[in-house]
Amino acid sequence: MRTFLLLAPYFAPQAAVGAYRWVKLARKLVPRGYRPAVLCATFPEDTQDPELLHALPSEVVTHDAYLDRRILAARDGLTALEKRLRGPAPDKKGPARPIEGLNPFRDLGDRCLLHGPHAAREAVALGRREGARAVVVSAGPFSCLPVAVHAARRLGLPLVLDFRDPWGLHESGAAPPQGAAERGRHHVVAALEHHILTRADHVVLNTRRALAAYQERYPFLAGKSSFVRNHFDASLYDPAPASPEPPARFTILHTGTLRAETRVDDIGQALRRIIDRDKLTPADLVLRQIGRATAFERAEVERMGLSDFVDFTPPIPQRALLGELRRAHVLLSMVDPRVVLRIAAKTYDYIASGMPIVSITENPEVDELLAHRPDNARIRPGDVDTLVASLGAHLERFRATRALPSPVPAPSEFSSETAADRFAAVLDGLLR
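About the cut-offs
Residues numbered from 1 in each chain as written. Predicted model: local features only at pLDDT ≥ 70, side-chain atom pairs only at ≥ 80, totals over all residues. Heavy atoms only, no water. Axes fitted to C-alpha atoms, helices over the stretch in contact; angles between N-to-C directions. Helix = DSSP H or I, 4+ residues; strand = E, 2+ residues; numbered from the N terminus. Left-handed = near helix turned anticlockwise from the far one by under 90°. Contact = heavy atoms within 4.5 Å. Nonpolar A, V, L, I, M, F, W, Y, C, P; charged D, E, K, R; others polar. Patch = residues over 30% accessible without salt bridge, like charges linked within 9 Å, V, L, I, M, F, W, Y side chains within 5 Å. Areas by Shrake-Rupley, 256 points an atom, 1.4 Å probe, with all protein chains shown as cover. Salt bridge = Lys/Arg side-chain N within 4 Å of Asp/Glu carboxyl O. Buried < 20%, exposed > 50% of the residue type's maximum accessible area, 1.4 Å probe, protein only. Pairing = 2+ DSSP bridges. Core = buried A, V, L, I, M, F, W, Y, C linked by side-chain atoms within 4.5 Å. Right-handed = clockwise from strand over helix to strand, strands pointing away.

Visitor: Provide a residue-level description of the packing of helix α4 (residues 116-130) against helix α5 (residues 144-155), including the pertinent values.
Guide: Running from N to C, α4 and α5 cross one another at 40°; their axes reach a closest spacing of 9 Å. Considering only the axes of α4 and α5, their crossing is right-handed. Touching Gly116, Ala119, Ala120, Ala123, Val124, Gly127 and Arg128 of α4 are Val147, His150, Ala151, Arg154 and Leu155, all from α5. Residue composition of the contact of α4 with α5, by class: seven nonpolar, three polar and two charged.

Visitor: Give a description of unusual backbone geometry that names residues and reports values.
Guide: Backbone torsion omega between Ala12 and Pro13 reads 15°, so that peptide bond is classified as cis. Its place among the elements puts Pro13 in the loop between β1 (2-7) and α1 (17-29). In this model, Ala139 is joined to Gly140 through a cis peptide bond whose omega is 10°. Turning to its location among the elements, Gly140 is positioned in the loop between β4 (135-139) and α5.

Visitor: Tell me about a nonpolar patch on the surface, and name the residues and values.
Guide: Nonpolar side chains collect at one region of the surface, where Leu78, Leu81 and Leu85 lie side by side and expose about 340 Å² of accessible area between them. Considering the arrangement of structural elements, one finds Leu85 in helix α3 (residues 69-86). Since its relative accessible area comes to 70%, Leu85 is described here as exposed.

Visitor: Give me the sheet that holds strand β12 (residues 357-360): which residues, what numbers.
Guide: The parallel open sheet is built from six strands, whose spatial order is β10-β9-β8-β11-β12-β13. The two strands at the open ends of the sheet, each matched to only one other strand, are β10 (310-313) and β13 (377-379). Shown here is a sheet whose adjacent strand axes are inclined to one another by a mean of 20°, direction ignored. Sheet topology note: the strand β9 (residues 285-290)/β10 ladder contains four bridges and is parallel. Bridged to Leu287 within β10 is Val310.

Visitor: Quick rundown of the nonpolar core? Include the residues and the values.
Guide: Grouped together as the largest cluster of nonpolar side chains are 50 residues, with contacts concentrated most on Leu5, Tyr66, Leu145, Leu161, Phe163 and Tyr214. A per-element tally of this core places α5 first, with eight residues. Other than its neighbours up to four places away in sequence, Tyr214 contacts Phe163, Pro166, Trp167, Gly168, Leu169, Glu193, Leu197, Leu205 and Leu221.

Visitor: Describe the pattern of salt bridges, with residues and values.
Guide: Considering all chains together, one arrives at 37 salt bridges under this definition. As a salt-bridge pair, Arg27 and Asp233 come within 2.7 Å of each other at their nearest N and O atoms. In this pair, Arg27 is assigned in helix α1 and Asp233 in the loop between β7 (225-227) and β8 (250-255), connecting sequence segments 206 residues apart. Residues Arg27 and Asp233 agree in their burial class; the two are buried.

Visitor: Help me get a handle on the pairing of strand β2 (residues 34-39), residues and values and all.
Guide: Buried residues dominate β2, accounting for six of its six residues. With burial as the criterion, each face of β2 is covered, one bearing Tyr34, Pro36 and Val38 and the other bearing Arg35, Ala37 and Leu39. Relative to β2, β1 is paired through six bridges, and the arrangement is parallel. Each residue of the ladder has a partner; that of Phe4, found in β2, is Pro36. Between β1 and its parallel partner β2, the chain crosses via α1, and the hand of that crossover is right-handed. Bridge count for β2 against strand β3 (residues 61-63) is three bridges, and the pairing is parallel. The residue bridging Ala37 from the neighbouring strand is Val61, located in β3.

Everything listed here is a matter of geometry and, on its own, says nothing about what the molecule does.
Next comes the structure, spelled out in structure tokens:
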């Protein structure tokens, strides 16, 4: 079995979307002859799912030592001192802001940046100890990329960059920069990205459109880049009941974090129109939100008069997800219209369930993922009329049958087995 060093700040036991891609790949690469030795970075405040660790094969080595404990201790000490000096925090007026996603052009740093020198030493030591034959890095946070370049150079090993999200081509940088500081950050990101990409032996993107965009920006990637989609791992879910009890209400389900790029605007307007048109009550329809939501989203829901129609539920373990998906009539995904190179990772879990999907996105590549069900739909952000028509058709079917839709088989193209085959082929090409 061939070992590779995996730098993955997001990894088990973290219950974060950034961790799932490589937890699934690690599980499926072991039967294909590859053994990951993982250096990860779990912060004390991170939400954790210990079952993800238990789901890993015994061959996978997890070394949760990316973070410098001295820096963590200093951070905690400064936070405690600040609280003592400041006194009780004043009550905040108004709703909290939505959670902000990745924006490398607003802030060049990230939470792992200061831990880089320590992580670099740990990475080299782990690679030597485990006999690694390649270095793979799961980015972001993007501050881990220089750490991987350093480790690969010190160990004399080939380097594979796995971009879970675009960096220099992230949609937050699509608009012209405003002011000297932002122009400077654009320049720095572009220079760093070019420098690091030239040093990679292979670069992996997770959508076809991202791969094409990167090859256009950096022609030298044409011979050393590919795409490996995000994916579903059916064996990570608890078995769903063959015939679940159908909910009494028409149920629309959205999973994951509500944030600035997943606003409730479109779905809120659509629900308001359907409710008013059909004179529905909370006993007729519910939008279930399973995952994080701030006071901002709750206030938006209240402003639209939808509080009784929306059920906010805390995050659930990955193993329980399939059962929840199978108990909904429609699975909802939504992203900001600027997002054209990425695909929401939840889409692959939705596909695994076989249930109907409504995806609000500008990215036409999603059409490929929805082709397995004729009642799946991709709707462009802002097209509330089409969203109302699509949800209305599902609602009419529910009214006629009072039943859940029948799930369809999930295409193997989007499975972890297929993704692992493709990543193994990348490693095979470097380790001949």
